[in-house]
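Structural overview for review
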Amino acid sequence: MDFGLDPEDELFRQEVRAFLDRELPADWLGMSVSWAGYGAASGELEGPVRQTFYKKLIKRGWPTMAWPKAYGGQDASFTHQYVYNEEMAYRGAPESGGIAVTYVGPAIMVHGSEEHKKKFLGGIVRGEISFAQGFSEPGAGSDLASVTTRAVRDGYDYIINGQKTFTSGAHLADYIWLLARTNADVPKHKGLSMFVFPMKTPGVTSRPFLNICDVLSFNDVYFDNVRVPQDALVGEEDKGWYQAMTGLDFERSGVARFAGCRRAMELLVRYMKETKWNGRYLAEDPLARERVAETAVDIEVGRLMALRIISMQTRRMSVSNASSVSKLYGSELSQRLARLGADVMGPFGTLTRRSKWAPLSGFFELAYRNSVSATLGAGTSEIQRNILAQRGLGLPR
Ligand SMILES: Cc1cc2nc3c(=O)[nH]c(=O)nc-3n(C[C@H](O)[C@H](O)[C@H](O)COP(=O)(O)OP(=O)(O)OC[C@H]3O[C@@H](n4cnc5c(N)ncnc54)[C@H](O)[C@@H]3O)c2cc1C
């Protein structure tokens, strides 16, 4: 079996690498708050870099390269996206486009009206508009169908009342992509609809709160008699659940996690070779060596898993089980690796990047905190296991 990519993909890899060498600041490691392909949020240090950097990505059309040409994309192949995601994550580069690119844009292509397409798609391709995802509520996270935020018709408008939580970046977003209940008299997943409207609409209040990395990222968002026009509804009323579950066929290998882990492992090994503890190099410590070697095997397994998914996607096979396996495995691996790094560094591993004594600019201390999110966002590990048990193994609900 040949796991090599086409020469065209490898040429593109060189192009992305050269771009990253040129455009990322030399001290990027100490500024970034992303961990193993998972950016919990942008911190205040990386904010300005992120903006300038994103403009340069936009100029190349890379964030939306997978979009169809008809909507401003480049119809890029899965392998091209794979290479791009791998290189970006390996360097911990600021993630590009967020849900506007990976989720909202594709959903509008499939379910939006011509008006929606005109209004939003060009703006996303040009990097001009951003979105927050208003799904989770205090009583509806894993059990998303239990959403209680209500949207009630009033003439040509809808009136929205309720609360969302953990809404990433809502305080900075231009629009909200909101899942709300439009029908309470049917089974719960059949009474939900999708809406999109400006965050500045009267009656919308967002209250940001700090995440575990001390970054203002999450929000509670309140909707108090928010009046939106009928064209804020995306697709058909009461079909929001099905929309929430569909999207364009993007690269779903999870390679970003494994590439981020590979990079972190290289940093850790270098640190072990250069750092003495009680008179001998950490690289000579049998326990540390054993754990590092074991984790390196896990990272390689993950990389091969990602390549297999790309190969399946290229052959148009369904990857829903395989990508759940990759999410589960990769997110838990990223936590094991962050813990390993913190353990190897001993007491120094607890120093934040504000301390001049923090090894690797506090990279593993921050990773240790950041990695907590990995098994929660986009479906918790328990939910992934439930999905695999039911759909993968045919076990009862
Ligand atoms: C970094 C990050 C960013 C996020 N960004 C957004 C965002 O932008 N927009 C948004 O809408 N949401 C966002 N979320 C919220 C995320 O979708 C929810 O945290 C997630 O769906 C879990 O829901 P919950 O926190 O309510 O936990 P719960 O659903 O209350 O779960 C609590 C615990 O119970 C377990 N559990 C629940 N149900 C089952 C079950 N059936 N079987 C076994 N175990 C179960 C869970 O695995 C978990 O361990 C974000 C979360 C994180 C961590």
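Residues numbered from 1 in each chain as written. Predicted model: local features only at pLDDT ≥ 70, side-chain atom pairs only at ≥ 80, totals over all residues.

1. Structural notes on the overall build of the protein
Check the secondary structure of the protein and you find eleven helices and twelve strands. Relative to a compact globule of 397 residues, whose C-alpha radius of gyration would be 21 Å, the protein shows 22 Å and is just as compact. Along the first, second and third principal axes, the C-alpha atoms of the protein reach 75 × 50 × 45 Å. Expressed as a percentage of the 397 residues in the protein, the buried residues total 42%. For the protein, restricting intrachain contacts to residue pairs at least 6 apart in sequence, the fraction spanning at least 24 positions comes to 70%. (Helix = DSSP H or I, 4+ residues; strand = E, 2+ residues; numbered from the N terminus. Rg over C-alpha atoms; globule rule 2.2 N^0.38 Å. Buried ≥ 20, exposed ≤ 12 C-beta atoms within 10 Å, placed from the backbone. Contact = placed C-beta atoms within 7 Å.)

2. Concerning unusual backbone geometry
Positive phi is not limited to glycine here, since Asn 225 has a value of about 50°. By secondary structure assignment, the location of Asn 225 is in strand S9 (residues 216-229). Its 10 C-beta neighbours within 10 Å are what place Asn 225 among the exposed residues. Phi is positive for Ser 361, which is not a glycine, with a value near 55°. Positionally, Ser 361 belongs in the loop between helix H9 (320-344) and helix H10 (363-370).

3. A look at the site of the ligand
For the ligand, the set of nearby residues contains 17 residues, the closest of which are Phe 135, Gly 141, Ser 142, Thr 380 and Glu 382. Going through the elements one at a time, strand S3 (131-134) and helix H11 (381-392) are the ones with two or more residues in the shell around the ligand. With three residues, the top contributor of residues to the shell around the ligand is H11. Per-class residue counts for the shell around the ligand are five nonpolar, eleven polar and one charged. (Near = placed C-beta within 6 Å. Nonpolar A, V, L, I, M, F, W, Y, C, P; charged D, E, K, R; others polar.)

4. Focus: the environment of Asp 214
Mapped onto the secondary structure, Asp 214 falls in the loop between strand S8 (204-210) and S9. Taking the C-beta count within 10 Å as the criterion, Asp 214 has 13 such neighbours and is therefore assigned partly exposed. On a C-alpha basis, the gap between Asp 214 and Gly 112 in space is 36 Å, while along the polypeptide they are 102 residues apart.

5. Examining the pairing of strand S4 (residues 150-154)
In this sheet, strand S5 (residues 157-164) lies alongside S4 in antiparallel orientation, the contact comprising five bridges. Looking at S5, one finds that Ala 151 is bridged to Ile 160. (Pairing = 2+ DSSP bridges.)

6. Here we look at the pairing of S9
Here S5 runs beside S9; their pairing, made up of seven bridges, is antiparallel. Residue Tyr 158 lies in a different strand from S9, and its bridge partner there is Val 228. Of the pairings in the sheet, the one linking S8 to S9 comprises seven bridges and is antiparallel in character. Across the sheet, the residue bridging to Val 204 is Phe 223, located in S9. The hairpin turn running from S8 into S9, its antiparallel successor, is five residues long, and Asp 214 in that turn takes a positive phi close to 65°.

7. Re H9
End to end, H9 covers 36 Å across 25 residues, agreeing with the expected 36 Å (1.5 Å per residue, within 8%). Downstream of H9 by a residue or two, Gly 346 has a phi angle that is positive, lying close to 60°. (Expected span 1.5 Å × (residues − 1).)

8. Considering the domain arrangement of the protein
For the protein, the assigned domains read domain 1 (7-125), domain 2 (131-244) and domain 3 (255-392). A straight line from the C-alpha centre of domain 2 to that of domain 3 covers 33 Å. (Domains from an automatic or database assignment.)

9. Some points on the packing of helix H7 (residues 255-274) against helix H8 (residues 286-314)
Remark: H7 packs on H8, axes separated minimally by 9 Å, with the N-to-C direction vectors making an angle of 155°. The orientation of H7 with respect to H8, classified from their angle, is roughly antiparallel. As H7 runs across H8, the sense of the crossing is left-handed. On H8, the residues touching Val 255, Arg 257, Phe 258, Cys 261, Arg 262, Met 265, Leu 268, Val 269 and Met 272 of H7 are Ala 288, Val 292, Thr 295, Ala 296, Ile 299, Gly 302, Arg 303 and Ala 306. (Axes fitted to C-alpha atoms, helices over the stretch in contact; angles between N-to-C directions. Parallel < 35°, antiparallel > 145°, perpendicular 65-115°, else oblique. Left-handed = near helix turned anticlockwise from the far one by under 90°.)

10. Side note on the environment of Asn 386
Mapped onto the elements, Asn 386 comes out in helix H11. Note on Asn 386: 16 C-beta atoms within 10 Å, which makes it partly exposed.

11. Some details on helix H4 (residues 98-111)
Between its first and last C-alpha, H4 extends 19 Å over 14 residues, near the 20 Å set by a 1.5 Å rise per residue. Its maximal kink placed at Val 104, H4 deviates by approximately 35°, while the proline Pro 106 follows within four residues. Within H4 the residues assigned to the buried category are Gly 98, Ala 100, Val 101, Val 104, Gly 105, Pro 106, Ala 107 and Ile 108. Considering only its buried residues, H4 is in contact with helix H5 (114-125), S3, strand S6 (175-181) and helix H6 (240-244). (Bend = angle between axes of the 7 residues up to and from the residue.)

12. Considerations on the packing of H4 against H5
For the pair H4 and H5, the least separation of the axes is 10 Å and the interaxial angle reads 160°. The pairing of H4 with H5 is recorded here as roughly antiparallel in orientation. Crossing hand, H4 versus H5: left-handed. For the pair H4 and H5, contact is made by Ala 100, Val 101, Gly 105 and Ile 108 and by His 116, Lys 117, Phe 120, Leu 121 and Ile 124, respectively. Classifying every residue of the contact of H4 with H5 gives six nonpolar, two polar and one charged.

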